[in-house]
Amino acid sequence: MAKVLILTGDAVEALEIFYPYYRLLEEGHEVTIASPNKKKLQTVCHDFTDMETFTEKLAYGIDSHASFSEINPADYDGLIIPGGRAPEYIRMEKEVPAIVSHFFENNKPVGAICHAALVFSVIPESVKNRSMTAFTTCKPEVESLGAEYVNKELHVDNNLVSAHAWPDLPGFMREFLKKLK
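Residues numbered from 1 in each chain as written. Predicted model: local features only at pLDDT ≥ 70, side-chain atom pairs only at ≥ 80, totals over all residues. Heavy atoms only, no water.

## Remarks on helix α3 (residues 96–105)
Our working rule: Relative accessibility thresholds used throughout: buried, under 20% of the residue-type maximum; exposed, over 50%; partly exposed, between the two (1.4 Å probe, protein chains only). Numbering goes from the N terminus for both helices and strands, where a helix is a DSSP run of H or I of at least four residues and a strand is a run of E of at least two. Contacts: residue pairs with any heavy atoms within 4.5 Å of one another.
With respect to burial, α3 is a largely interior element, seven of its 10 residues being buried. Taken together, the buried positions of α3 are occupied by Val96, Ile99, Val100, Ser101, His102, Phe103 and Phe104. Each element contacted by the buried residues of α3 is listed here: β1 (3–7), β6 (78–81), α2 (86–90), β7 (110–113), α4 (124–127) and β11 (160–163).

Following this line, the structure appears as C-alpha cells:
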C-alpha cells in the first residue's frame, strides 16, 4: 500500500482533513499528518448561513504525527493539502516549498482542495500553465500563478487533483485514489 502525506496546520477545515485521512486508512494506506509543529491541531467547520461568506466554528482536534522539519517527501507516494485557513499560514513555513515541489517534480499525486491553492503561491513554477479548481475566492491567486482557474467542483490535470470545497470530497478522493494506484 501507499504512503500519503497530509500537509496542514491549525484551522484546517475539519471535513477536508478527516474525510481523506479516514478514507485513506480504510483503503489500507499509511498516512502521516504533518504540521509546522507536532501537536494536536484545532480544526474548524466552515458553513454557509445567511451571510454572503462562510462562517467558522471550532471543530474537533486531530493529532499531527510529525512536524514539517521531520518530513522527507521522498518517503511518500502522494500528497493531500486540505483547505480551511491552514494553507494561508503553512505556506510561510520554510520546509513547505521543497516538500510540495517534490511531488510535482516526481509526478506523484497531489490533492488540493478548497484554499489549498494558496500553498502553491510559494512554488508558482509547479502549477504554471496547469489548470485547477479551488474555492471561488482563490481564483485570483490561481490565475496570478499562471494557472487556469476551472470553475468546476472537481478537476484533474495530470497528477494534480483539485476540488472546490468539502461537498466535493467523494469525487476528490475517488480521483486521488485512482492516481495513487
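There's plenty left to go through after this.
## Looking at the state of the cysteines
Convention followed: To count as a disulfide, a pair of cysteine sulfur atoms needs to be within 2.5 Å.
Counted by the stated rule, this structure contains zero disulfides. The structure places no disulfide on cysteine 114, whose sulfur is separated from the nearest cysteine sulfur, that of cysteine 138, by 6.5 Å. The class for cysteine 138 is buried, based on a relative accessible area of 2%.

## Focus on the pairing of strand β4 (residues 54–63)
Rules: Pairing between two strands is assigned when DSSP locates at least 2 bridges connecting them.
In terms of strand pairing, strand β3 (residues 40–48) meets β4 through eight bridges, oriented antiparallel. Counted as the bridge partner of valine 44 is leucine 58 from β4. Taken together, β3 and the strand that follows it, β4, pair antiparallel across an intervening segment of five residues.

## Quick word on the sheet that holds β1
Working definition: the strands of a sheet are paired by backbone hydrogen bonds and lie parallel or antiparallel to each other. Put simply, the test is: To get an axis, a line is fitted to the C-alpha atoms, and for a helix only the part in contact is used. The angle between two axes follows their N-to-C directions and goes from 0 to 180 degrees.
If you walk across this open sheet you meet the seven strands as β5-β2-β1-β6-β7-β11-β10, and the pairing is mixed. Strand pairing shows two members of the sheet lacking a second neighbour, β5 (66–67) and β10 (154–157), which therefore form its edges. Here β1 runs beside β6; their pairing, made up of three bridges, is parallel. When the bridges of β6 are listed, valine 4 appears paired with glycine 78. Contacting β1, β6, β7 and β11, α3 runs over the sheet at an angle of about 140° to β1.

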